[in-house]
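So the chains spell out like this:
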Amino acid sequence: MAHIAIPIPSNLERQDIDVQVSINGQRQALHYRVESFYWDEYGVPPANRADCLNHIISTYDQNWSLYYIGLPTEKSIQVTFVRKKELILLSPFLYSLLNP
């Protein structure tokens, strides 16, 4: 699947992003959510951050699926989610991997 990068303003708060695209004349609306999660809010030492991230993702709003995990910093990590009903538009193969 091809990807197109769209720059968005940097913001450490939650961002809901709606994108309308036209692919070969067919319009599609896609909805993304970018959120920053702060390690100190979870009280985890650096060695347990992977477990913490797994917990964050597994307990996140079930209407959204993981799309991208950003590079972690000492303070936080940004995670991008896509609304589940649009995930199949992005890639049937990706949808089958994330929703067995």
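Look a little higher up for the structure.
Parameters and conventions
Residues numbered from 1 in each chain as written. Predicted model: local features only at pLDDT ≥ 70, side-chain atom pairs only at ≥ 80, totals over all residues. Heavy atoms only, no water. Salt bridge = Lys/Arg side-chain N within 4 Å of Asp/Glu carboxyl O. Helix = DSSP H or I, 4+ residues; strand = E, 2+ residues; numbered from the N terminus. Buried < 20%, exposed > 50% of the residue type's maximum accessible area, 1.4 Å probe, protein only. Contact = heavy atoms within 4.5 Å. Pairing = 2+ DSSP bridges. Axes fitted to C-alpha atoms, helices over the stretch in contact; angles between N-to-C directions.

Student: Account for the pattern of salt bridges, naming residues and giving values.
Tutor: All told, the structure shown has 3 salt bridges when counted by the stated rule. Taking the shortest distance from any N to any O, the salt bridge between Arg 33 and Asp 16 comes out at 2.7 Å. Here the residue Arg 33 occupies a position in strand E2 (residues 26-38), and Asp 16 occupies one in strand E1 (residues 15-23), the gap between them amounting to 17 residues. The exposure class of Arg 33 is buried, given its relative accessible area of 10%. Beyond isolated ion pairs, a larger network of salt bridges with shared partners links Arg 14, Asp 16 and Arg 33.

Student: Pulling in residues and values, what's your account of the environment of Val 21?
Tutor: One can find Val 21 in strand E1. The class of Val 21 is partly exposed, set by a relative accessible area of 25%. Filtering out sequence-adjacent residues up to four positions away, Val 21 remains in contact with Gln 26, Arg 27 and Gln 28.

Student: I'd love a proper account of the sheet that holds E1, names of residues and values included.
Tutor: Here 4 strands make up an open sheet; going across it, the order is E1-E2-E4-E3 and the pairing antiparallel. Strand pairing shows two members of the sheet lacking a second neighbour, E1 and strand E3 (64-69), which therefore form its edges. When the angles between neighbouring strand axes are averaged without regard to direction, this sheet yields 30 degrees. Across 7 bridges, E2 lies against strand E4 (residues 76-83) in antiparallel orientation. Counterpart to Tyr 32 in the pairing with E4 is Val 82. Lying over the sheet, helix H2 (residues 49-58) contacts E2, E3 and E4, oriented at roughly 145 degrees with respect to E3.

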